[in-house]
Amino acid sequence: MEGFQDHKLKNNILVENTELDPDKMLTGTAATNKVQDIQLGVCDQVTAQLGCKPKTGDHEQDGYSAAHVKYWDTNVNLGAPASASIKKQQEHKPETQLGRFYDSLQYTLYAAGFPETVDRTSTPRKNINKEQVVVAVLRAPYDNPSLVTLLECGQQVSDSMHLIFSKSWRSKEPSSDHPGLYSVYVHKAITFHKGGITYLDEFSPPRRVTYLVSLYAKAITPGLADWGPDMRNLDCQMSSPLPLVQVIDDKLWSRYLISKVGVAVPETLAFKFEVKRKVPNTDVIKVCVLGKCVKAKKHGEVPRSEKFLDSSCRIEDQAKMAAQTNAENPCVYTKKHIEHGGICEHAIAMEEEVAKFLNKPSVTGKRIVVKPSGYEYFASKGVTIHQASNLGSITNAVYDLLEKIEGADTVLVETFVEPILPRPNVSASQSVELWKANEELSFRVRSTVCRDFDRKPVTTSVNCGLLSKNSPNNGDNTNLQGLDSTLLAYGLTDPAVRRNLDRTIRKKGEDVMRIISEEEHKLDEEQRGGRFGYTDVIGVDFFLTDEGDKIVPVVVEVNSHDCTMNCQKIDFVSHLTQQCTPIDAQLVYQVYRSDKEYGSETLLKQDSILGRSVRPWVRSMIQRSQDHVLDGKHILIIGAGGFSKALIWRDAAAMGVKVTLVESNSNHFAKDQVYQFIHLDVDDHTQDYAHAKDIVKILRDKGITVDGCLAFWKDCGPLAALCAELLKTNGTSYSAASIAYKKSTTQAIIRQRDADIPHWQIAILYCAPSCPISSEADIDNACKTVKFPAIFKHDYTSSAVGVRICKDEDDVRTAYTAFTNNVHTNTDTCSNTILLMDYLDGSDHYIDCVVFERRLIAAFITDNGRNNNPAYTDTITLLPSNLPSDKQAQLVNAAYQCCTVIGLSNGVYNVEMKMTSTGPKLIEINAQMGSFFIRHWVKQLYGVDLMKCAMMISCGIKPCVPILPTEESLLGVNMIPSEHVCVMTNSSLRMVLDDLRARGDVIFTMVEDEAKLVYGMKSKHSEEPYANIAVKGRNVDECRQKLSEVCGKLNIETKNYRVSEFMKYL
């Protein structure tokens, strides 16, 4: 056809003027684009001859969305941002290229059903999201499956994801917080918001990046600008910086790690020039170093294999040192070493090593794969397959690759993983026969594994690609499909067999991620690409092979960059299916937790199909971002509290938080564990206003500026709120803290809320009748207000200290007389008021609420067992709650509503409620994080740290709390001095306890200093627990059984402390 006469396409290389001019050769994407340019030119000529006027935008030039109408506005501002400093370093990227980037993104948004990007660069934005998360992805959007990650991040935290595809849109400046490091600032980006909404934005001031994904590098985005490698030595969190990619994508190094955790790998013979990462020889891996002791060259050109040698190893008289090295990794030479200088006596010919490898009994008869290993080698680049009998072709392939690899790259000679053979179709539908696999096919299994927000590895997606078993198989040359249907095509008709294989692959992929995470923590900052560089997502490639009657997954490689391409494509397939067909898209490519039973209930909790393959990774992005934001904050804490708060100071320091602690006890154990300690007597809380002014003055005199202020000790809550108001930091108001501090006031305020609310119950429904008693004269009125039996308790104390049941008015008077005789005027709690309230039947529960700007962020419910009458302190606790879901929902909404009614709008609050036959009833609200072990339990089961949430809120940062169902339960019993001090003092019982802890059979939490334990208390009404011992199980029944066994071993079950009775009601 006319228009093609001056062009030819040979071997995927486009050549102009029919001559092979190297200067005019285009390959890969460039060649494809050129062909399309020619085709489009021809099409326009034909259109003109037909007298038709072509539509603007009918044809696009990027090869991705060619021949499509542009249904979006192309008149957008893609130039450098308005910042003058950025204009000076503006890269001169052709507008056409940026336009093509933009059009590619818009086409994908359009095809996925999302609105087009809105340009609002004319009004630079000043504010940031309340979570203060700034995730930046440096990438050209040609690889549009990455859009799934962008959309998912915007969905989890709106306005948090920033796509940058021009160097002029960002800057790199010396860090103000970390000397020697650099901060990355975003001046312009495409931002992603909930619902798939996107904007083209400029920022003034620029936004400081908290988490960076840099995919602008020669090896990752070939053919595009190579400005990713300068993203080093940064002060932000990073995902797979280029130096770390070079480590993780080293097939030899990762293969060695994989073999250490018991995952099968091919038998491997490796040839290297340069040893950067030590890989010892094992039963399945042998490493040879090329030319490390070759004689010095006398004349001629230095062979490629000598370019990476340590010159100190080239002298012949250094044979002794070379021989020592040879014992670990044999020195190998090639023909060129002989041609260019000769070899040492102990060196071994490369051909000889290959022949020895082929003659191993475990290798004999198997086909052989020769391939390069290095971060630039992916998508089967340089991979060849050979018969084991053809030594010549194998060694030639090795020679060819040795001439191409550089630096620490490796040539691998490995056994070919023979694919499983199709089974006869026994019970499946006959329609399967129409698309059943044959013996000439093989399939690769790609497992995508992400590090979740709690740092645990999670396999999100498993997909397959089928191809001839005689060709290299990768994600670029195969159609993607699910593992289940692939196994069905191979005749595995038993669903249990397919599910077990799926589970095995997921588990092994997570094992691989776990060992990689452990090893990369041992790397130095330079190897990781920076202080905060880590791997958050990998792709693990398996092939399945038959070994006897078993099917064994064998890992052939790990990829850390571009490893989500295939799984994100599957997300798009599922998303389109969900939108446009009646097919259950959840079942197209199922996502399981690998350690749970299979079934429909095991699908992960998720609000959409699109993004599920990267959802844990995005959660990790956000959590690491918030860790970055919290790092370096200076927080004022009022009151150190008791032993149960001991871990706060250590954990705060580990988070990088600088704590200034104000404490009355000048010798408190926390004194040496905080950033700054201020001794000030603040125990008289009738003087809180004066104390607050004194604290603020001390801070100013010392030149201390704090970002937040809070208290973890109940008695100091109102004082901390006053300080926060004076310092103008975020947190609980003094008014709300004072109301929560006094139980009678809390009940009175909520009882006044009797108006209808469109979206809530009437708050008064949560209150039981109650009445304060400030003097003996109030008793008569109080007894008329409540029903008997009634609860008699102090208006201020916590932990149910001094609580008792009164059967009638005489009991109330007796209890009040005893109370006033034992307690004098209490300046610590302002007064000695008693609260008398109805005794409530029902189950007892704690609801720990995370609230930010009056919005509930998260809530966790614990169930409390029966009390050990006559004491009312907690005995046994279960997390998560075992109540029916609707009852749990009632508790959460009631607790949240009660908090907001009294003004608690910024903080972490602990609410105690009873679930009665008529619904939830409020017992009390603590305007601080739950004490004792609750924080540690929530962190262990849900990965959420309530202390960190409280600190973030005090600094004005909205915590991003992933809410995922837990797969385990915790059941723990409290230990009291009068019954259980022997567990700590009896040497035999202590040995049993220590052994249980060492084996991980129990979780033991001390809430009082062991040195202060006293046997027996004056009254059981005032006795508090000194420790909690808990067990973990898959369900409540398993926990009950385990805890019963533990209590028997440690003598915790006694005639006066019937644990078996306590746990019956959970």
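Above: the structure in question.
A quick note: this is a predicted structure, and the numbers were derived from the prediction, not measured.

Enquirer: Explain the overall build of the protein chain to me, using residue names and the numbers behind them.
Expert: Looking only at helices and strands, the protein chain features 30 helices and 39 strands. Within the protein chain, the proportion of its 1066 residues that are buried is 55%. Sequence-distant contacts in the protein chain: of pairs separated by 6 or more residues, those separated by 24 or more amount to 68%. A total of about 45,500 Å² of accessible surface is found on the protein chain, and carbon and sulfur atoms cover 50% of it.

Enquirer: Give me the lowdown on helix H24 (residues 934-942), citing residues and values where you can.
Expert: Taken together, the buried positions of H24 are Ile 934, Arg 935, Trp 937, Val 938, Leu 941 and Tyr 942. All buried residues of H24 project into a common sector of 165° when viewed along the axis, lining one side. At the exit of H24 stands Gly 943, carrying a positive phi of roughly 75°.

Enquirer: Break down the pairing of strand E25 (residues 658-663) for me, citing the residues and quoting the values.
Expert: Burial analysis of E25 places five of its six residues in the buried class, which makes it a mostly covered element. Handedness of the crossover joining strand E24 (residues 634-638) and E25 through helix H16 (residues 646-654) is recorded here as right-handed. As paired strands, E25 and strand E26 (residues 676-679) are joined by four bridges and run parallel to one another. Counterpart to Glu 663 in the pairing with E26 is His 679.

Enquirer: Hey, could you go over the packing of helix H6 (residues 251-260) against helix H12 (residues 495-520) for me, with residue numbers and the actual values?
Expert: Across the interface, H6 lies against H12 with an axial gap of 9 Å and an inter-helix angle of 115°. The chirality of how H6 crosses H12 is right-handed. Along the contact surface, H6 presents Trp 253, Leu 257, Ile 258 and Lys 260, while H12 presents Val 512, Ile 515, Ile 516 and Glu 519. A breakdown of the residues in the contact of H6 with H12 according to their chemical character gives six nonpolar, no polar and two charged.

Enquirer: Which residues make up the sheet that holds strand E31 (residues 834-838), and what values go with them?
Expert: Spatially, the four strands line up as an open sheet ordered E28-E31-E29-E30, and their pairing is antiparallel. On the outer flanks of this sheet lie strand E28 (770-773) and strand E30 (804-806), each paired with one strand and no other. Within this sheet the neighbouring strands show an average axis-to-axis angle of 30°, counted without direction. In this sheet, E31 lies alongside strand E29 (residues 790-794) in antiparallel orientation, the contact comprising five bridges. By the bridge assignment for E31, Ala 790 is matched with Asp 838. Taken strand by strand, helix H22 (residues 809-822) contacts E28, E29, E30 and E31, and its axis lies near 15° from that of E29.

Enquirer: For the side chain of Ser 744, give the residues involved together with the corresponding values.
Expert: Inspection of the secondary structure assignment puts Ser 744 in helix H20 (residues 743-751). In this structure, Ser 744 is in contact with Pro 772, Asp 795 and Leu 835, ignoring residues within four places of it in sequence.

Enquirer: Before we move on, could you go through the pattern of salt bridges and cite the residues and values that matter?
Expert: Applying the stated rule across the entire model yields 51 salt bridges. With a shortest N-O distance of 2.9 Å, Arg 650 and Asp 651 are connected by a salt bridge. The exposed category is assigned to Arg 650, whose relative accessible area is 52%. Asp 651 is the salt-bridge partner of Arg 935, the closest N and O atoms lying 2.8 Å from each other. One end of the pair, Arg 935, is in helix H24; the other, Asp 651, is in helix H16, with 284 residues separating them in the sequence. The same class applies to Arg 935 and to Asp 651, which are both buried.

Enquirer: Requested: an account of the nonpolar core, with residues and values cited.
Expert: Most often, soluble globular proteins have nonpolar side chains that are buried together. Counting 53 residues, the largest nonpolar core has Phe 192 and Leu 212 as its most contacted members. At the level of elements, helix H3 (95-111), strand E4 (135-138), helix H4 (147-156), strand E5 (161-164), strand E7 (182-192), strand E8 (198-208), strand E9 (211-214) and helix H15 (615-630) are the ones that each hand at least two residues to this core. With residues near it in sequence (within four places) discarded, Leu 212 still touches Ala 136, Leu 138, Met 231, Leu 234, Cys 236, Gln 237, Met 238 and Ser 239. If you look at the next biggest cluster of nonpolar residues, it comprises 47 residues, including Ala 652, Phe 933, Ile 934 and Val 938.

Enquirer: Describe the pairing of strand E39 (residues 1027-1033), naming the residues involved and giving the relevant values.
Expert: Here E39 lies mainly inside the structure; six of its seven residues are buried. The sheet contact formed by strand E37 (residues 969-975) and E39 spans seven bridges and is antiparallel. Bridge pairing in E39 links Leu 970 to Lys 1032.

Enquirer: Which residues make up the environment of Ala 740, and what values do they have?
Expert: Turning to its location among the elements, Ala 740 is positioned in helix H19 (residues 734-741). On the basis of relative accessibility, which here comes to 3%, the residue Ala 740 falls in the buried class. Spatially, the C-alpha atoms of Ala 740 and Gly 903 are 9.0 Å apart, while their sequence positions differ by 163 residues. Other than its neighbours up to four places away in sequence, Ala 740 contacts Thr 746, Ile 902, Leu 904, Ile 925 and Ala 927.

Cut-off values and rules
- Residues numbered from 1 in each chain as written.
- Predicted model: local features only at pLDDT ≥ 70, side-chain atom pairs only at ≥ 80, totals over all residues.
- Heavy atoms only, no water.
- Helix = DSSP H or I, 4+ residues; strand = E, 2+ residues; numbered from the N terminus.
- Buried < 20%, exposed > 50% of the residue type's maximum accessible area, 1.4 Å probe, protein only.
- Contact = heavy atoms within 4.5 Å.
- Areas by Shrake-Rupley, 256 points an atom, 1.4 Å probe, with all protein chains shown as cover.
- Arc of directions from axis to C-beta.
- Right-handed = clockwise from strand over helix to strand, strands pointing away.
- Pairing = 2+ DSSP bridges.
- Axes fitted to C-alpha atoms, helices over the stretch in contact; angles between N-to-C directions.
- Left-handed = near helix turned anticlockwise from the far one by under 90°.
- Nonpolar A, V, L, I, M, F, W, Y, C, P; charged D, E, K, R; others polar.
- Salt bridge = Lys/Arg side-chain N within 4 Å of Asp/Glu carboxyl O.
- Core = buried A, V, L, I, M, F, W, Y, C linked by side-chain atoms within 4.5 Å.

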